[in-house]
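What the coordinates show
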Amino acid sequence: MATWSLCMIVRNEEDTLPRCLASVGDLVDEIIVVDTGSTDRTAEMAQSLGARVHHFAWCDDFSAARNYAFSLATQDYILWLDADDVIRAEDLSTWKALKTSLDPGVDAVTAWYHLAFYGDEPSYSSRLVRVVRRGAGFRWRGQVHEYLEVRGNLLHSDAAVCHRPVRHDADRNLRIYEARIRAGEMLGARDTLYYANELVDHGRIVEAMTQYEAFLEMPDIWKEDAIFACYRLSDCHLRLGQQEEARMAVLRSFLYDAPRSEACCRLGHAALELGDLGAALAWYRLAILCRRPPGFMGFLNRACETWLPHIQLCVVLARLGRIREAYEQNEWAAKFLGDDDPMIRHNRAQLAAMLEPSEGA
């Protein structure tokens, strides 16, 4: 069985690092923690938890720090995590099975990264390269929102990591981007997209829209990033009260690929807001039929692929007086959310009372 190193870069993470390492358990064969300038007990805590601790002078470059951490690994494969990441108990067995069965010819492994949750269930996820063969010498690229540049034999696994932040330096990434711009640097496509995201997070909506538009005009952009930018541009228009422009931004995503469930749910919601129940019905039904492309690596709104269109169809059909069909859609949603979900129980009770006594529920 191949051996694994866990490589992390941290700074002032005494609140989250113990939780992260506890969740990893005995999955890895060594733990390397690179501290980039903590002023709390992070380094001491990491060492007490069995990590080899090294220090790196912070230079506003996440890739430089991660590449340094990778250079210290000694095992066959490298797993990376952030301090506010957690491997859930129900996912750890999947990770261990992956490690046990990993073919030595695999160069890199992707896993799900769960970013938001509905209750305890993931609702918004992406795929990230999480494990790489050390001998392949893969490098991190980009100062901010860095990524692993990989090639060769890539395995898409069912393993998952959950992002569970406690706090966040909200200004750090924006500071780095704007320092680069002041220095005269022209941001590339990826950085333009993520700079726009940072502007949104800081409430600078009009500036963000300019950056999303600039990104979408760039040549050879990855289609998943383009679709994501269309959705974010739509959100910006909605924040400015521009409903029609928001709809057009979603429709723009169809230029890059077949309709996705999230796009259809967005358009269904817009139709519902306008009172166009027929259009809402059509969009939510299409959302159920959509399938993501093979090898999907973009951001995934899981709710739009599972329970959300059924719940919305329940609402639309009830407004149309088609109570039996509304009840059935709520039951479909229950297959994903469970019978004890408060929304499911409320809808079930309300709709059952509206059904003709002869029909029963």
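So, a few notes on the structure that sits alongside this text. (Residues numbered from 1 in each chain as written. Predicted model: local features only at pLDDT ≥ 70, side-chain atom pairs only at ≥ 80, totals over all residues. Heavy atoms only, no water.)

1. Points about the packing of aromatic side chains
For any pair of aromatic rings, the description rests on two quantities: the centre-to-centre distance and the angle between the ring planes. Operational definition: Each aromatic pair joins two rings of Phe, Tyr and Trp (for Trp, the six-membered one) with centres within 6.5 Å, and gets the label stacked for planes under 30 degrees apart, edge-to-face for over 60, and tilted for any other angle. By definition, any uninterrupted DSSP run of H or I lasting at least four residues is a helix, any uninterrupted run of E lasting at least two residues is a strand, and each is numbered from the N terminus. Each residue is assigned to one of three classes by its accessible area relative to the maximum for its type, calculated with a 1.4 Å probe on protein chains only: buried under 20%, partly exposed between the two thresholds, exposed over 50%.
As enumerated under the stated definition, the model contains ten aromatic pairs in all. Relative to Trp 140, the ring of Trp 80 has its centre 5.0 Å away and its plane inclined at 85°; by these criteria the two rings are edge-to-face. You can see Trp 80 sitting in strand S4 (residues 77-80) and its partner Trp 140 sitting in strand S8 (residues 139-141), a full 60 residues away along the chain. Ring geometry for Tyr 177 against Tyr 195: centres 5.8 Å apart, planes inclined by 55°, an arrangement best described as tilted. Placement of Tyr 177 in helix H5 (residues 172-182) and of Tyr 195 in helix H6 (residues 189-201) is noted, with a sequence separation of 18 residues between them. An identical accessibility class is assigned to Tyr 177 and Tyr 195; each is buried.

2. Notes on the pairing of strand S10 (residues 154-163)
Condition: One bridge is not enough; two strands pair if DSSP finds at least two bridges between them.
Summarising the sheet, strand S5 (residues 85-86) and S10 pair through two bridges and their orientation is antiparallel. The partner of Asp 85 across the bridge, within S10, is His 163. Where strand S6 (residues 108-118) and S10 come together, six bridges link them in parallel fashion. The residue of S10 that forms the bridge with Trp 112 is Ala 160.

3. Concerning H5
Count 3.6 residues to each turn of an α-helix, and residues three or four apart come out pointing the same way. Applicable threshold: The contact rule is simple, with two residues in contact once any of their heavy atoms fall within 4.5 Å.
All buried positions along H5 are accounted for by Asn 173, Leu 174, Ile 176, Tyr 177, Glu 178 and Arg 180. Taken together, the buried residues of H5 touch helix H3 (62-71) and H6. Count one or two residues on from H5 and you reach Gly 184, which has phi positive near 95°.

4. Describing the nonpolar core
As a reminder, the rule being used: We call a set of buried Ala, Val, Leu, Ile, Met, Phe, Trp, Tyr and Cys residues a nonpolar core when their side-chain atoms join them within 4.5 Å.
Residues Phe 70, Val 132, Leu 148, Tyr 212 and Leu 216 are the most contacted members of the largest nonpolar core, which totals 45 residues. Formed by 31 residues, the second largest nonpolar core is a distinct cluster that contains Ala 2, Leu 6, Tyr 113 and Val 161.

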